[in-house]
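# Topology and contacts: notes
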Amino acid sequence: MDFTFTDEQRMFRDTVYRFAKEEIAPLGEEADLKGEFNMEVFKKMADMGLLGLPFPEEYGGSGADFVTCCLAGEAMGHAGVDGGHTLAWGAHTYLCGTDIMQHGTHEQKLKYLPKLASAEWIGCMGLTEPGCGSDAGALATTAVKKGDKYILNGSKTFITNAPVANVFVIFATLDKAKKHKGITAFIVERDYPGISTGNPMHKMGCKCSTTSEVYLEDCEVPVENCLGGEGNGWNIALAGVEWDRSTLLSPFIGGMMYMIENCSRYANERFAFKRPIRDFQSIQNRVADMRVVLEASKLAVYRVAASKDNGVALNPLLAAVNKMYVGDRGFDMCSAAVDLFGGYGYIHEYPVERGLRDAKLGQLGGGTSDIMRMIVARVLMM
Amino acid sequence: MMNYELTAEQKTIKKEIGKFCQEAIAPTAALFDESPKDKAADLMKANFQKLAQANYFGLALGEDIVGATVAGEALAKTCPSTFLAAMSSIVSFGIPVKLFGTAAQKDKYIDALVKAQVIGAMGYTEAQAGSDLGGISASAAKKGDGWVLTGVKDLVTNAPLADAFLVLAWTDKEAGLEKGLTFFIVEKNASGLSVGKPIETMGLRGSLTAEVALSGCEVAAAAVLGGEAGKGYAQLQTVLEYIKLSIANLSLGIGQACLEVSTALGKSRQAFGKPIGLFEGVGAKLAVMFTNNDLSRLLTLRAAWSMEQKEAESAVLTSCAKLFASEAVNAIADLAMQVHGGHGYIRGAQVERLYRDARFAVIAYGTSELQRAAIAKDCLDKFKAA
């Protein structure tokens, strides 16, 4: 057993933290109020090498391991980068980028990864549909092969980055009768005929990541843009889970650190009845519970990352545990932070209000907590 | 490089101690509850002999704290009472002797503890003082080269079985907490030491608990732990890390027992034509039990590793582990009871016993309230304006 980061990982985290705090976090404040994605943020992330972090160097990336990728997310969350921009990073680099990195041909990787790493292009991934979310196997978007093209029809919804994306990894079925085995992934570019995106949705939190529907109407995709081969889409979606349960959760870990820091500072500085509110046990209890949630969440998320780096197969049970715990308790913790700040906690200009709205997504996105409990129960009952 | 896997040696410990507990400890685990206390004492002494043969105590006193924790989960899962009794001897008494004892004290007790020739206990709680050490009243007065102890220690786990006690008393009240308290090693046959009748507890009924009264109890200078008076407070802080870890470990074992027995019932018990675990409401309970116990294990092993590595944050991490695991196991035992329905509510049902056993963990060795205060202080002090 070893729970420490290497010196290199620690130094990298410190660098990202400092950079994010000075250069990125301030941009998020105004953008969150307006509910806008700030391209400047992505350019800065690209400058730091964050957008192509796990990609091999030959495709413009840094070849970072899972733990390092998580440390980048943690550092950004800790620095106060809003949940919207970190979510946009997650959808771009992991949901879209690592799907291509892990399952693409050399030509596909050469064509798309450097553009994603440099922020020249923005990426997204479309699995969820209006009629199916957690039950992804029921997807209805179809693909039909015609000559040297696939023709895609259907619609996707809640697609993070879709309004600003240049490249889409789209899941569709070649044959519904084959169920999971018919699902296939395609790399679709914005200027292919037949693809369009809806208006950005007004979300409760993570406002700086843009989200919309994606419409596919006789959308023509060249055959060479099939990703990972016909019928392999379900495996690609499953392989994405290990990124989803580690790197995409890592900004939440950092966000918890940000909450604890801000709550601790406030509790030291704020006076009531002639003493700092830290002297009240009800305030202490909140801070203590936040810390315990942070320690447990950190262990859960880095377990997935470290297993991956050590070549240990991902236990789906433990990945589901992460998602459920970080989602549910992360939200509780942010609610406690708002309580601790009292009326100021309810005001945007203070540091905890946004966090509560952003944290709600942790219980919903990428499989709801209800679904996580069902997954764990199903495995236990086997 | 970060790595969550147990070493090959630790995996062997897990397998072998698990097998030993199943074969040697499990058969009598249910007997403690209803047994008269003298019978319970005999059963527990027999368990001590078996544990010694399996080298459980050797592991618990060894350098591999993670390995000892892995072994501890297996024992706590099988018989929480036996875990607590073993812990009270080997951790509460053995660890302070190992860490702070003089060469003579180590020679006398360590090997004997490992072989279960001696059973140990620690007394620091009193009627008016538990967490608030400043409130204890037991005292030691100098007499010639030795000391005379006076006071009453309450709720001393293992007292009815113990051959030797570590007793905390004031040697210089004026000097204050950090310099005025001292641990003494007192043998059970010391004149002036008397052990009360075993107390009837709600749970963990196989771990026998009683009062220890010291009245004009004379001990030699060599009875001072480590040979130097006034070090009791600092020694206790270190030992409490081990004890907090042990209570987290106890919680983890009880939680695992709750999870296993409930999962088995989820599969075997039928209602409306299917196993009850396939109903979403029951399945979700099993999932929450699994999740919380899994995180208890992570936090407990993390704290154990931190102690092994002598990390600065081991004190706060053991508090986090103790707080989380002890509260988690109470929620887990409650869910286990619910999954069992009426059959769990019956005396003799395993979950009924586990439910009572779990309640101890949030109270003992620093209540949840105290753990929260300590954890909060760690956070708040870090972000205090200079």
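Residues numbered from 1 in each chain as written. Chains lettered and ligands numbered in written order. Predicted model: local features only at pLDDT ≥ 70, side-chain atom pairs only at ≥ 80, totals over all residues.

## Details of the overall build of chain A
When helices and strands are counted, chain A shows 11 helices and 10 strands. A compact globule built from 382 residues should have a C-alpha radius of gyration of about 21 Å, and chain A, at 21 Å, falls within 12% of that. With the principal axes as the frame, chain A shows a C-alpha extent of 80 × 50 × 40 Å. Here chain A, with 382 residues, has 58% of them falling under the buried criterion. Considering only contacts in chain A between residues 6 or more positions apart, those separated by 24 or more positions represent 75%. (Helix = DSSP H or I, 4+ residues; strand = E, 2+ residues; numbered from the N terminus. Rg over C-alpha atoms; globule rule 2.2 N^0.38 Å. Buried ≥ 20, exposed ≤ 12 C-beta atoms within 10 Å, placed from the backbone. Contact = placed C-beta atoms within 7 Å.)

## Some words on the environment of Ala-320 of chain A
All names here are of chain A. Mapped onto the elements of the fold, Ala-320 is located in helix 9 (residues 316-341). With 26 C-beta atoms packed within 10 Å, Ala-320 lands in the buried category. When the C-alpha atoms of Ala-320 and Trp-89 are compared, they prove to be 22 Å apart, with 231 residues separating the residues in sequence. The contact partners of Ala-320, leaving out residues within four places of it in the chain, are Met-372, Ile-375 and Val-376.

## Here's the deal with helix 2 (residues 37-53) of chain B
All names here are of chain B. With 17 residues, helix 2 extends 24 Å from end C-alpha to end C-alpha; this agrees with the ideal 24 Å at 1.5 Å per step. Restricting attention to buried positions, one finds in helix 2 the residues Ala-40, Met-44, Asn-47, Phe-48 and Leu-51. Seen end-on, helix 2 carries its buried residues on one side only, within an arc spanning 110 degrees. Residues of helix 2 that are exposed and point more than 90 degrees away from the buried face comprise Asp-38, Lys-39, Ala-46 and Gln-49. The secondary structure elements touched by the buried residues of helix 2 are helix 1 (8-29), helix 3 (56-60) and helix 5 (80-100). In the stretch just after helix 2, Asn-55 is the one whose phi turns positive, near 60 degrees. (Expected span 1.5 Å × (residues − 1). Arc of directions from axis to C-beta.)

## Here we look at the domain arrangement of chain B
Residue and element names in this part refer to chain B. The assigned domain composition of chain B is domain 1 (8-114), domain 2 (120-230) and domain 3 (234-381). Taken together, the contact between domain 2 and domain 3 spans nine residues of the former and 10 residues of the latter. Classifying every residue of the side of domain 2 that touches domain 3 by side-chain character gives six nonpolar, two polar and one charged. (Domains from an automatic or database assignment. Nonpolar A, V, L, I, M, F, W, Y, C, P; charged D, E, K, R; others polar.)

## What to know about the packing of helix 11 (residues 369-380) of chain A against helix 9 (residues 280-308) of chain B
When two helices pack together, you describe them by how their axes are tilted relative to each other and by the distance separating the axes. Following both chains from N to C, one finds helix 11 of chain A and helix 9 of chain B inclined at 90 degrees, their axes separated by 8 Å at the closest point. The angle between helix 11 of chain A and helix 9 of chain B places the two elements in the roughly perpendicular class. Counted together, Arg-373, Met-374, Val-376, Ala-377 and Leu-380 of chain A of helix 11 of chain A and Glu-280, Gly-283, Ala-284, Leu-286, Ala-287, Val-288, Phe-290 and Thr-291 of chain B of helix 9 of chain B form the full contact between these two elements. Within the contact of helix 11 of chain A with helix 9 of chain B, the residues separate by chemical class into nine nonpolar, two polar and two charged. (Axes fitted to C-alpha atoms, helices over the stretch in contact; angles between N-to-C directions. Parallel < 35°, antiparallel > 145°, perpendicular 65-115°, else oblique.)

## Description of the pairing of strand 3 (residues 149-160) of chain A
Each regular strand carries side chains that alternate between the two faces of the sheet. Residue and element names in this part refer to chain A. Looking at chain direction, strand 2 (residues 142-146) and strand 3 are connected through five bridges and run antiparallel. Residue pairing for strand 3: Thr-142 is matched across the bridge by Asn-153. Between the antiparallel neighbours strand 2 and strand 3 lie two residues, among them Gly-147 with a positive phi of about 60 degrees. Note that strand 3 and strand 7 (residues 211-222) share nine bridges and pair antiparallel. Each residue of the ladder has a partner; that of Ile-159, found in strand 7, is Ser-212. (Pairing = 2+ DSSP bridges.)

## A look at the interface of chain A and chain B
Contact with chain A, which involves 41 residues of that partner, is made by 41 residues of chain B. Breaking the side of chain A that touches chain B down by element, the ones donating at least two residues are helix 7 (250-269), helix 8 (281-309), helix 9 and helix 11 of chain A. The element contributing the most residues to the side of chain A that touches chain B is helix 8 of chain A, with 14 residues. Tallied by class, residues from the side of chain A that touches chain B come to 24 nonpolar, eight polar and nine charged.

## Quick notes on helix 10 (residues 314-340) of chain B
In an α-helix, one turn spans 3.6 residues; hence positions three or four apart end up facing the same way. Residues and elements named next belong to chain B. With 27 residues, helix 10 ought to run about 39 Å at 1.5 Å a step, and its terminal C-alpha atoms sit 38 Å apart, in line with that. For helix 10, a buried count of 23 out of 27 residues is recorded, marking the element as mostly surrounded by other parts of the structure. Downstream of helix 10 by one or two residues, Gly-341 has phi in the positive range, about 65 degrees.

## Quick word on the packing of helix 8 (residues 232-268) of chain B against helix 10 of chain B
Residues and elements named next belong to chain B. Interhelical geometry of helix 8 versus helix 10 gives an angle of 25 degrees and a closest axis separation of 8 Å. With respect to helix 10, the element helix 8 is oriented roughly parallel. At the point where helix 8 passes helix 10, the crossing takes the left-handed sense. Looking at the contact of helix 8 with helix 10 residue by residue, the class counts come to 18 nonpolar, nine polar and three charged. (Left-handed = near helix turned anticlockwise from the far one by under 90°.)

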